[in-house]
Amino acid sequence: MARKQNESEPSFKTLGLSKAMMKALDNAGYQTPTPVQAGLIPRAMDDVDVIGQARTGTGKTAAFPWPIIEDLLAPDDRRGHRL
C-alpha cells in the first residue's frame, strides 16, 4: 500500500521539474523527494553549484542527474527555471 503524502512534505511537483521528468519519476515509482533531493534539485536547476552530504540510501545520486537532464530538454519542455 502506498504511503499517503503529508501536506507539509515536499513534493516533486513543487521542485519545478518538467512534465516528462514527472512522468518518468512516477513510472519509476518515486512518490516524494527525500530531504536531500528537495534541497538540492531546485538550487541546481537555478544554476547554483551544490554539494550534498547525507547518509547512504537518501537519494543523493538521483538528486544530481535530474537537474542535468532537465537542462538537456528542449526549452519548450522545461518548466520555467532557465527558459
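In case you missed it, the structure is sitting above this.
Report on the accompanying structure. Please read all numbers here as calculations on a predicted model, not as lab measurements.

## Brief notes about helix α4 (residues 65–72)
Now for step 1: Among the residues of α4, Trp 66, Pro 67 and Glu 70 are the ones counted as buried. For α4, the arc enclosing every buried residue in end-on projection is 100 degrees, short of the 170-degree limit, so these residues lie on one face. For α4, the exposed residues set more than 90 degrees away from the buried face come down to Ile 68 and Leu 72.
Now for step 2: Summarising the contacts, the buried residues of α4 are in contact with α1 (19–27), α2 (35–45) and α3 (60–63).

## Notes on unusual backbone geometry
Now for step 1: A positive phi angle, near 65 degrees, is found at Asp 47, a position not held by glycine.
Now for step 2: Note that Asp 47 resides in the loop between α2 and α3.
Now for step 3: For Asp 47, a relative accessible area of 55% gives the class exposed.

## Concerning the nonpolar core
Now for step 1: Phe 12, Leu 15, Leu 17, Met 21, Leu 25, Ile 41 and Trp 66 are the most contacted members of the largest nonpolar core, which has 13 residues in total.
Now for step 2: Residue assignment for this core shows that the elements contributing at least two residues are α1, α2 and α3.
Now for step 3: Per-element tally for this core: the top contributor is α2, with four residues.

## Topic: α1
Now for step 1: The complete set of buried residues in α1 reads Met 21, Met 22 and Leu 25. When α1 is viewed along its axis, its buried side chains cluster within an angular range of 100 degrees and face the same direction. Of the exposed residues in α1, those oriented more than 90 degrees away from the buried face are Lys 19, Lys 23, Asp 26 and Asn 27.
Now for step 2: Looking at the buried side of α1, the elements it contacts are α4.
Now for step 3: Among the residues trailing α1, Gly 29 stands out with phi positive, at a value near 90 degrees.

## Overview of the packing of aromatic side chains
Now for step 1: This structure, assessed with the given rule, holds three aromatic pairs.
Now for step 2: Consider the rings of Tyr 30 and Trp 66, whose centres lie 5.2 Å apart with planes at 90 degrees: the pair is edge-to-face. Placement of Tyr 30 in the loop between α1 and α2 and of Trp 66 in helix α4 is noted, with a sequence separation of 36 residues between them.
Now for step 3: Connected via pairs of aromatic rings, a cluster forms that spans Phe 12, Tyr 30 and Trp 66.

The rules behind the values
- Residues numbered from 1 in each chain as written.
- Predicted model: local features only at pLDDT ≥ 70, side-chain atom pairs only at ≥ 80, totals over all residues.
- Heavy atoms only, no water.
- Buried < 20%, exposed > 50% of the residue type's maximum accessible area, 1.4 Å probe, protein only.
- Helix = DSSP H or I, 4+ residues; strand = E, 2+ residues; numbered from the N terminus.
- Arc of directions from axis to C-beta.
- Contact = heavy atoms within 4.5 Å.
- Core = buried A, V, L, I, M, F, W, Y, C linked by side-chain atoms within 4.5 Å.
- Phe/Tyr/Trp six-rings, centres within 6.5 Å; stacked < 30°, edge-to-face > 60°.

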